[in-house]
Amino acid sequence: MGLLDFVFLLVLYLLQGSNTSLVQLNNNGYEGIIIAIDPHVPEDGKIIEEIKGMVTTASTYLFEATEKRFFFKNVSILIPNSWKENSQYKRPKHESYKHADVLVAPPALPGRDEPYTRQFTACEEKGEYIHFTPDFVLGKKQNEYGPSDRLLVHEWAHLRWGVFDEYNEDEPFYSAKSKKIEATRCSTGITGINRVYKCQGNSCTTRGCRIDSKTKLYEKDCQFFPDKDQTEKASIMFMQGINSVVEFCTKKNHNQEAPSLQNKMCNSRSTWEVISNSEDFKNTISMEAPPPPPVFSLLKIRERIACLVLDKSGSMNSFNRLNRMNQAAKHFLLQTIENGSWVGMVHFDSTANVKSNLIQIISSKERNKLLESLPTAANGGTSICAGIKSAFQVVREIHPQIDGSEIVLLTDGEDNSAKNCIDEVRQSGAIIHLIALGPSADQAVIEMSTLTGGNHFFASDEAQNNGLIDAFGALASGNTDISQQPLQLESKGLTLNNNPWMNGTVIIDSTVGKDTFFLITWARQSPIISLWDPSGTPMRNFTVDTVSKMAYLSIPGTAKVGVWTYSLQAKANPETLTMTVNSQAANSSVPPITVNAKMNKDTNSFPSPMIVYAEVLQGHVPILGANVTAFIESSNGNIEVLELLDNGAGADSFKNDGVYSRYFIAYSENGRYSLKVRAYRGANVTTQNLRRPLNRAAHIPGWVVDGKIEGNPPRVEIDEDTHTTLESFTRTASGGAFVVSNISKLPLPDLYPPSQITDLEATLNGDEINLTWTAPGDNFDVGKVQRYIIRISGSILDLRDNFDNALQVNTTDLLPNEANSKETFAFKQGNISEENATHIFIAIQSVDKSNLTSKLSNIAQVALFIPQAEPGPDESPPNPSPDENQPNSGVNIVILVLLVVGSVAIVSTIIGATIYKTLVFTSSPSILHSAGKGPVIFHAGLLGKSSSSSPVSPTSYYQPLLLVPSMVYV
């Protein structure tokens, strides 16, 4: 491989994020798209044909919607191993369920066939995958969600470009500047009516929507019914099922008023503005000729082929590395690798030796035979390429094509020649999983794992952190049913000095218990092992391997549900002990609770922050209320512990979506870091979230044809306020490795501002505006900010684009709380300078002790009027609900403003000079000061108070920032 090729590969590697997709954009066409059919989907050849038709039509729609810029070029359809053989089905190479861009799988809950994109990162960042159900793909849900090809483009925009929906099921209506209630949509050119539409049997009734007494918006059952015939072309991210819709909303027609997720997550930018800022867009130009149709490959999952390539060079004698490698490899062979898999083994130092040809694992006999092939001595140099090439030979002896075979490479040393076989590895079709042991493992092999879609793990020389066993344990096949995969329930270790005891408990919940496996390791001398099941019965018959310094016990059948207790007593001082527990799903029809962990990037340059993510799920249903902790270990074994949160603040984009997040900025050194996550919860606290996916496709309730509603089948709904209480559980998971560079050893100033406030909410209570938000920290989401800057405006764009010049609220008595606390603040509404303002828009910036400011918060708003409801069919405008206590709308705030302004105008004309003197030498409570340059404007009200303080004194309204009052204007 030439130097330029190597540089290209290096750049490609450095640009990799942690998203697992293998999609590449080549000459305007997306290549490497994987659509995977879940093993739980019954065999149906129509699904494959419908996928082909959907993608082919979607490609043309995508091409036109993106101004002739993008299309689908080639697509692999991944077919379950359980489906019948077909001569058209080929063996996958790097394609797997782990890399799926679209997953065709049963609904998360029965009847919930809504398509959605799993998306839990920030605006402009890629999503995880698109989820379609078989019934949706087969066209059985077209009435409710529109044509599948158009919806694929809608979801692709979520997945690839990180845009969000231009509707909001939590806030389907809003008070518009027109003083009417409008449906949340983009663009507002989409026409329709708002109605309550109820059906019982074949009888349906329609009535106008009433105003809710609390929200001052339409009642809960009110829905927006679009006209069947439209001329508006935007937007695909609102309701792509409308025939006329062929475009994304642009800056010109974007509805910035609406409380859509797109506005909230993307700072009120249109979807096309976000797409135009993507790397895809920047690296392409519009095509002149139409694109070719997509090319499809049909790939069927086969039995697994894996070859262990183990380093036995001289450096493996250091830090007990050889024995620790054998302990972890034995755990992999005994517990992790699935029955039916083919496994071989190669040792390498400066040369390579085949120690075991491929053996198909049928029973414990084959597993034990492979255990005998592990290395017993370490010496010599390091030749990684020799080991990999020997592994290729091992695979080819049984399978001439090594496509999809897996090489599990463990190495602790650098090898300058490793880059010489990168091209051969890339062309082989094999997958390289790298386990780097110690701080000096070769960097070039990371490129191999990245290029082939493999995993990258790192384990330090601190044995008590259990990194090697965690890494091998994370290599369960991603192509088998989750019910057949071993899940790690516990992974702990201690270095004992004076106290010889390591005690603890492991919770086995009812979703697991099959093939439960306890593993204990030590460094010097076998400890005394005691283990009791939940009923107090002691467990005996551990298999003790004194050579490898490990003991293990497999629980026959299904382990008892409850708390298992262990006690390990060390015989040596000092001693290092570890405990690892694995188990499988107890019932194939009940999904087990799982944890998936990742960083937002695989590589990072200091001081850029990183984000830790951990998904806690049961099947596709989020688990709420868990205690989730991340352990981030540096090359030298230093561990940073982070509590991850699902609170919708800081690094966490969405509250209660089962994704727990936190910023990571505590970099201690350059090099590799590893991530491990532990999730647990006590009894009667953790709940399943039956809430809909946040980015599910918009359900079309019906169409308006000739003024009448033609209803569609209603969406199957579940009471989302009902949470199913779960039993106690524990899980651990490895999140792989990442690399950090450019960390300075010199003292540095404060580099990190407070995190952005993303959950600011505002409500109007009489003449008082109440704000709530989650407190950021001094450094992103750690510590406490110094102060808050709250500003208001009658224009959302002015507030966003000219925040520093907007009217500032007095926050003298607002004392910030610790990060992740709930903040509340109230102030009296005042008159803003914009004429004809119908809303007050509010935003916050946080300031830390180094005077670093956060990004501007999301913009909250309150309406200054009671909106008008549209009349229903054959009726007058509907009245509010009978229990509503509305204020008299005849004397509204606009009239009050005019009265005040008029009075002040008369006074200012008579005594302008006196006012000038007052402005300079007094802090009159009747004057508010704008931060902008220009005439000072009189404002009324805007007294501020926090939830924990008394009202602000009359003499402390606003601090004058600039006074240039040659005249006073009103």
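Positions within a chain are numbered from 1, following the residues in the order the chain's sequence is written. Where totals are concerned, whole chains, interfaces and linings use all residues; where local detail is concerned, this predicted model gives features only for residues with pLDDT of at least 70, and gives and counts side-chain atom pairs only at 80 or more. Computation of side-chain values: all heavy atoms of the structure, hydrogens and water removed.

- Per an unreviewed UniProt entry, the protein goes by Calcium-activated chloride channel regulator 1 and derives from Puma concolor.
- As its UniProt record puts it under Sequence similarities (unreviewed entry), the protein is described as follows: "Belongs to the CLCR family." UniProt positions are given in the numbering used here, feature names are shortened, and annotations may be inferred rather than shown by experiment.

## Re the overall build of the protein
Okay, step 1: When its secondary structure is counted, the protein shows 18 helices and 49 strands.
Okay, step 2: Per-residue and other accessible areas were derived by the Shrake-Rupley procedure at a 1.4 Å probe size, with only the shown protein chains allowed to occlude residues. On the protein, roughly 40600 Å² of surface is accessible, and the fraction owed to carbon and sulfur atoms is 50%. The way it works is that DSSP assigns letters per residue, a run of H or I at least four long becomes a helix, a run of E at least two long becomes a strand, and they are numbered from the N terminus.

## What to know about the sheet that holds strand β21 (residues 487–496)
One key point about sheets: their strands pair by backbone hydrogen bonds, in either a parallel or an antiparallel sense.
Okay, step 1: The criterion for strand pairing is that DSSP finds at least two bridges linking the strands in question. Pairing is antiparallel across the open sheet formed by 5 strands, whose spatial order is β21-β28-β23-β26-β25. Both edges of this open sheet fall to β21 and β25 (543–545), since each of them pairs with a single strand only. Averaged over all pairs of adjacent strands, the angle between their axes in this sheet comes to 15°, without regard to strand direction.
Okay, step 2: In the packing of helix α10 (residues 321–336) onto the sheet, contacts are made with β23 (512–522), β25, β26 (550–554) and β28 (575–585), and the angle to β23 comes to roughly 165°. Every angle, taken between N-to-C directions, lies between 0 and 180 degrees, and every axis is a line fitted to C-alpha atoms, over only the stretch in contact when it is a helix. When checking whether two residues touch, look at their non-hydrogen atoms; a contact exists if any pair is within 4.5 Å.

## Things to note about the pattern of salt bridges
Okay, step 1: The term salt bridge refers to a pairing of a side-chain nitrogen on Lys or Arg with a carboxyl oxygen on Asp or Glu at a separation within 4 Å. The full count for this structure, using the stated rule, is 35 salt bridges.
Okay, step 2: Between Lys560 and Asp533 there is a salt bridge whose closest N-O contact spans 3.6 Å. With Lys560 in the loop between β26 and β27 (562–569) and Asp533 in the loop between β24 (528–532) and β25, this pair connects stretches of sequence that are 27 residues apart.
Okay, step 3: You can call Lys560 partly exposed: its relative accessible area is 44%.
Okay, step 4: Put simply, Arg112, Glu114, Glu169, Arg696 and Arg715 are held in one network by salt bridges that share partners. Here's how the labels work: a residue is buried when its accessible area is under 20% of the maximum for its type, exposed when over 50%, partly exposed in between, all with a 1.4 Å probe on protein chains only.

## What about the pairing of strand β32 (residues 621–624)?
Put simply, side chains in a regular strand alternate between the two faces of the sheet.
Okay, step 1: Because side chains alternate across β32, one face comprises the buried residues Val621 and Ile623, and the other comprises Pro622 and Leu624, equally buried.
Okay, step 2: Where strand β31 (residues 610–618) meets β32, 2 bridges bridge the pair, whose relative direction is antiparallel. Looking at the pairing, Leu617 lines up with Pro622 of β32.
Okay, step 3: Turn length for the β31-β32 hairpin, with the two strands adjacent in sequence and antiparallel, is 2 residues, and the turn residue Gly619 shows positive phi of about 70°.

## Focus on the pairing of strand β43 (residues 768–774)
Okay, step 1: Of all 7 residues in β43, 5 are buried; the element is thus mostly enclosed.
Okay, step 2: Pairing between strand β42 (residues 761–765) and β43: 5 bridges, direction antiparallel. By the bridge assignment, Leu764 is partnered in β43 with Ile769.
Okay, step 3: Between β42 and β43, which follow one another and run antiparallel, lie 2 residues, and Gly766 among them has a positive phi close to 70°.

## Points about the nonpolar core
Okay, step 1: Trp161 and Phe248 are the most contacted members of the largest nonpolar core, which totals 71 residues.
Okay, step 2: With 9 residues, helix α2 (residues 45–65) is the single largest residue contributor to this core.
Okay, step 3: Not counting the four nearest positions on each side in its chain, Phe248 is found in contact with Ala65, Thr66, Val153, Ala157, Trp161, Ala234, Ser235, Ile236, Met237, Thr271, Trp272 and Ile275. Only buried Ala, Val, Leu, Ile, Met, Phe, Trp, Tyr and Cys residues count toward a nonpolar core, and they belong to the same one when joined by side-chain atoms within 4.5 Å.

## Details of the environment of Phe70
Okay, step 1: Tracing the backbone shows Phe70 in the loop between α2 and β4 (71–72).
Okay, step 2: Since its relative accessible area comes to 0%, Phe70 is described here as buried.
Okay, step 3: With 44 residues separating them along the chain, Phe70 and Asn26 place their C-alpha atoms 9.7 Å apart.
Okay, step 4: When near neighbours in sequence (up to four residues on either side) are disregarded, Phe70 contacts Leu25, Asn28, Tyr30, Ser59, Leu62, Phe63, Trp161, Asp280, Phe281 and Thr284.

## Observations regarding the packing of α2 against helix α5 (residues 148–161)
Okay, step 1: At a closest axis distance of 8 Å, the pairing of α2 and α5 adopts a crossing angle of 65°. The angle between α2 and α5 places the two elements in the roughly perpendicular class. For the pair α2 and α5, the sense of crossing is right-handed. In this structure, α2 contributes Met54, Val55, Thr57, Ala58, Tyr61 and Leu62 to the contact, and α5 contributes Ser148, Asp149, Arg150, Leu152, Val153 and Trp161.
Okay, step 2: All amino acids are sorted into three groups, where Ala, Val, Leu, Ile, Met, Phe, Trp, Tyr, Cys and Pro are nonpolar, Asp, Glu, Lys and Arg are charged, and the leftover types, Gly among them, are polar. Within the contact of α2 with α5, the residues separate by chemical class into 8 nonpolar, 2 polar and 2 charged. Under this scheme an angle from 65 to 115 degrees is roughly perpendicular, one under 35 degrees roughly parallel, and one over 145 degrees roughly antiparallel; angles in between are oblique. The hand of a helix crossing depends on one turn: near helix anticlockwise from the far one by less than a right angle means left-handed, and clockwise means right-handed.

## Things to note about the state of the cysteines
Okay, step 1: Disulfides are defined in this document as cysteine sulfur pairs within 2.5 Å. Applying the stated criterion to the full structure yields 5 disulfides.
Okay, step 2: Two residues share a disulfide in this structure: Cys123 and Cys266, whose sulfurs sit 2.1 Å from each other. One disulfide, between Cys123 and Cys266, carries an S-S torsion of 105° and so falls in the right-handed class. Of this pair, Cys123 sits in the loop between β7 (116–118) and β8 (129–132) while Cys266 sits in the loop between α7 (261–265) and α8 (271–276), and the two are 143 residues apart along the sequence.
Okay, step 3: Classification of Cys266 as buried rests on a relative accessible area of 1%.
Okay, step 4: The partner cysteine of Cys209 in its disulfide is Cys222, sulfur to sulfur 2.0 Å. Linking Cys209 and Cys222, the disulfide has an S-S dihedral of approximately 80° and is accordingly described as right-handed.

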